[in-house]
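So the chains spell out like this:
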Amino acid sequence: MVRPYTITRGRTAPERDDLTLITVLTTAEDEAEAALARGSRAGARGLQPEHRLILDRCRRPAAVAEIAAGLDLPVSVTKILLGDLIAQGLLKARAPLSVARAAGGVDLGLLTAVREGLRRL
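Attention in this report is confined to the structure presented alongside it. Note that the structure is a prediction, hence the values are computed from the model and not measured.

Per the secondary structure count, the chain includes seven helices and five strands. Along the chain, helices (α) and strands (β) appear in the sequence α-β-α-β-β-α-β-α-α-β-α-α when read from the amino end. Here the contacts in the chain between residues at least 6 apart in sequence split such that 74% fall between residues at least 24 apart. Here the chain has roughly 7600 Å² of accessible surface; of this, 57% comes from carbon and sulfur atoms.

Structure representation (structure tokens):
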């Protein structure tokens, strides 16, 4: 088992503080394909196996929580790795509401029904 501080190169906090559990990430296809084709180097930093797994997983939109669960890593470690890929231009991060708006808007009726259902619990 590889220790988290080894994966993050000793970093304990992500450079970005705007990544939440429900932030949606997608691969920037052209840049990611070029980085993977170059082998183990992408810009100034090399791609670790976890970086490659993230890029592969984010070919379809995925939330931070989904990615962390898929990697079986703590969310804090996952956020550091995601920050690396975003800084290199290999991933795009979007707030969840912008994704909902792009899909046709937020269904307030559904959100209200969910809220009421949770209150009844």
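Picking up after the structure, the text goes on.
By secondary structure assignment, the location of Thr78 is in helix α5 (residues 75–87). A relative accessible area of 0% means that Thr78 is categorised as buried. When sequence neighbours within four positions are dropped, the list of residues in contact with Thr78 reads Val64, Ile67, Ala68, Leu71 and Leu73.

Taken as a whole and assessed by the stated rule, the structure comprises four salt bridges. The salt bridge involving Asp56 is made with Arg59; its shortest N-O contact spans 3.2 Å. The exposure class of Asp56 is partly exposed, given its relative accessible area of 47%. Relative accessible area serves as the criterion here: at 37%, Arg59 is assigned to the partly exposed category.

Cut-offs and rules
Residues numbered from 1 in each chain as written. Predicted model: local features only at pLDDT ≥ 70, side-chain atom pairs only at ≥ 80, totals over all residues. Heavy atoms only, no water. Helix = DSSP H or I, 4+ residues; strand = E, 2+ residues; numbered from the N terminus. Contact = heavy atoms within 4.5 Å. Areas by Shrake-Rupley, 256 points an atom, 1.4 Å probe, with all protein chains shown as cover. Buried < 20%, exposed > 50% of the residue type's maximum accessible area, 1.4 Å probe, protein only. Salt bridge = Lys/Arg side-chain N within 4 Å of Asp/Glu carboxyl O.

All quantities given are derived from atomic positions and should not be read as evidence of function.
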